[in-house]
Amino acid sequence: QVQLVESGGGLVQPGGSLRLSCAVSGSISSINNMAWYRQAPGEQRGLVATITSGGSTNYADSVKGRFTISRDNAKNTVYLQMNSLEPEDTAVYFCHALIRPTNSRPFRTYWGQGTQVTVSS
């Protein structure tokens, strides 16, 4: 089975940094677009950043200039480097990917289970 597992979350002070990782495992043929979403308490899940298979990136206005999404295709892993963190960044961060499993023609959507990021002094 295909799985996405996030790691790297935790507690950090305002102005600090964290790097999240999302590793894809299982029987897959290829990975297309990957993304990070987040869901703050009492809020809907929202898009944070996306990256295509070729490395093209897009960011939500709220994180532009502070966060950087990247990927290592050899490791089937996507990263989110978060700098200058603010209390408003506190949320559960979810990894998302479009993946073609083995023996499947179309790409399918997959989600990780999330990792908690708390920004507080």
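In this text the structure is predicted, and so the values were computed from the model without any measurement.

A. Representation of the pattern of salt bridges. Scanning the entire structure with this criterion turns up three salt bridges. One salt bridge connects D89 with R38, and the closest N-O pair in it is separated by 2.9 Å. With D89 in the loop between β8 (77–82) and β9 (91–101) and R38 in strand β4 (residues 28–39), this pair connects stretches of sequence that are 51 residues apart. Of the two residues, D89 and R38, both sit in the buried class. A residue is classified by how much of its surface remains accessible, and D89, at 1% relative accessible area, is buried.

B. Layout of the side chain of E6. Along the chain, E6 turns up in strand β1 (residues 3–7). Within the buried core, E6 has no salt-bridge partner, and the shortest N-O distance to an opposite charge, that of R45, equals 7.7 Å. At 2.9 Å, the side chain of E6 forms a polar contact with the backbone nitrogen of C95. Engagement of the side chain of E6 in a polar contact is seen with the backbone nitrogen of Q113, the distance being 3.1 Å. Filtering out sequence-adjacent residues up to four positions away, E6 remains in contact with S21, C22, W36, Y93, F94, C95, G112, Q113, G114 and T115.

C. Looking closely at unusual backbone geometry. Even without being glycine, N76 reaches a positive phi, approximately 50°. As for its position among the elements, N76 is in the loop between β7 (67–72) and β8. For N76, a relative accessible area of 27% translates into the label partly exposed.

D. Quick peek at the packing of aromatic side chains. If you walk through the whole model with that rule in mind, you get one aromatic pair. Geometry around F94 places R45 over its ring, the cationic atom sitting 3.8 Å from the centre.

E. Quick peek at the pairing of strand β10 (residues 108–111). Where β9 meets β10, four bridges bridge the pair, whose relative direction is antiparallel. Looking at β10, one finds that A97 is bridged to Y110. The turn linking β9 back onto β10 is made up of six residues, and N103 within it adopts a positive phi angle of 65°.

F. Inspection of the environment of L4 at higher detail. Among the structural elements, L4 can be located in strand β1. Note on L4: relative accessible area 6%, which makes it buried. The spacing of L4 and W111 is 107 residues in sequence and 6.3 Å in space, taken between C-alpha atoms.

G. Up close: the nonpolar core. By size, the foremost hydrophobic cluster in this structure holds 29 residues, and its most contacted members are L4, W36, L80, M82, Y93 and I99. For this core, the element with the most residues is β9, which contributes five residues. If we ignore the near neighbours within four places in the chain, the residues touching Y93 are E6, L20, W36, Y37, R38, V48, F67, L80, M82, G114, T115 and V117.

H. Broad picture of the pairing of β1. Burial along β1 is one-sided: L4 and E6 are buried, and none of Q3, V5 and S7, which face the opposite way, are. As defined by bridge partners, β1 adjoins strand β3 (residues 18–25) across five bridges and the pair is classed as antiparallel. Each bridged residue has a counterpart across the sheet, and for S7 the counterpart in β3 is S21.

Conventions and cut-offs
Residues numbered from 1 in each chain as written. Predicted model: local features only at pLDDT ≥ 70, side-chain atom pairs only at ≥ 80, totals over all residues. Heavy atoms only, no water. Salt bridge = Lys/Arg side-chain N within 4 Å of Asp/Glu carboxyl O. Helix = DSSP H or I, 4+ residues; strand = E, 2+ residues; numbered from the N terminus. Buried < 20%, exposed > 50% of the residue type's maximum accessible area, 1.4 Å probe, protein only. Lys, Arg positive; Asp, Glu negative; His and termini not counted. Polar contact = N/O pair within 3.5 Å; in protein donor to acceptor, adjacent residues only side chain to side chain. Contact = heavy atoms within 4.5 Å. Phe/Tyr/Trp six-rings, centres within 6.5 Å; stacked < 30°, edge-to-face > 60°. Lys NZ or Arg CZ within 6 Å of the ring centre and 35° of its normal. Pairing = 2+ DSSP bridges. Core = buried A, V, L, I, M, F, W, Y, C linked by side-chain atoms within 4.5 Å.

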